[in-house]
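An overview of the molecular structure
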Amino acid sequence: MATDYDAPRKTEEDLSEDSIEELKARRSDKSSGVVDEDETEAAEGFELPGADLSGEELSVRVLPRQADEFTCTSCFLVHHRSQLAYEKDGQQVCTECAA
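Quick look at the environment of Cys 97
Considering the arrangement of structural elements, one finds Cys 97 in helix α3 (residues 95-98). Exposure remark for Cys 97: the relative accessible area of 29% places this residue in the partly exposed category. For Cys 97 and Leu 84, which are 13 residues apart along the polypeptide, the C-alpha to C-alpha distance reads 9.9 Å. If we skip the residues at most four places from it in the chain, Cys 97 touches Cys 72, Ser 74 and Cys 75.

This is how it looks when you write it as structure tokens:
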């Protein structure tokens, strides 16, 4: 940015007066801070590329919990018995939740 060294310099008092005048001008301009946009309308118009999954069918084979697995009562995930941290009153908790 070029600086004109020959231009008259403003004192701090002049600068503060300018900024006060700018603030007063902004305050009188009521519409400057108003955004006239409906959030729900904007969200409805926003679509991720490739996000239309309405015609898709999931083809995942779901297995029931095996004999060597348990369901953690904290995170509700199915874990292998080797990840069992403790069991209290029939409530089994995995090592991740116990940490």
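Now that the structure has been shown, we can carry on.
Overview of the pairing of strand β4 (residues 91-94)
As judged from the four bridges shared by strand β3 (residues 84-88) and β4, these two strands associate in the antiparallel manner. Paired with Lys 88 across the two strands is Gln 91, which belongs to β4. A loop of two residues connects β3 with β4, the two strands running antiparallel in sequence, and Asp 89 in this loop sits at a positive phi of about 55 degrees.

Points about a negative patch on the surface
Together, Asp 38, Glu 39, Glu 41 and Glu 44 make up a negatively charged patch on the protein surface. Summarising the element assignment, Asp 38 is placed in the loop between α1 (12-28) and α2 (39-45). For Asp 38, a relative accessible area of 43% corresponds to the partly exposed category.

Observations regarding unusual backbone geometry
Backbone geometry at Phe 76 places phi at a positive 60 degrees, although glycine is not the residue there. The backbone of Asp 89 sits at a positive phi, close to 55 degrees, despite the residue not being glycine. Residue class for Asp 89 comes out exposed when judged on its relative accessible area of 74%.

Quick notes on the side chain of His 79
By the element assignment, His 79 lies in strand β2 (residues 78-80). Within polar-contact distance, the side chain of His 79 engages the side chain of Gln 83 at 2.7 Å. Ignoring sequence-local partners within four residues, the contact set of His 79 consists of Asp 68, Glu 69, Phe 70, Cys 72 and Cys 94.

About the cut-offs
- Residues numbered from 1 in each chain as written.
- Predicted model: local features only at pLDDT ≥ 70, side-chain atom pairs only at ≥ 80, totals over all residues.
- Heavy atoms only, no water.
- Helix = DSSP H or I, 4+ residues; strand = E, 2+ residues; numbered from the N terminus.
- Buried < 20%, exposed > 50% of the residue type's maximum accessible area, 1.4 Å probe, protein only.
- Contact = heavy atoms within 4.5 Å.
- Pairing = 2+ DSSP bridges.
- Patch = residues over 30% accessible without salt bridge, like charges linked within 9 Å, V, L, I, M, F, W, Y side chains within 5 Å.
- Areas by Shrake-Rupley, 256 points an atom, 1.4 Å probe, with all protein chains shown as cover.
- Salt bridge = Lys/Arg side-chain N within 4 Å of Asp/Glu carboxyl O.
- Lys, Arg positive; Asp, Glu negative; His and termini not counted.
- Charge placed at Lys NZ, Arg CZ, Asp CG, Glu CD.
- Polar contact = N/O pair within 3.5 Å; in protein donor to acceptor, adjacent residues only side chain to side chain.

Treat this as a map of the structure, not an account of what it does.
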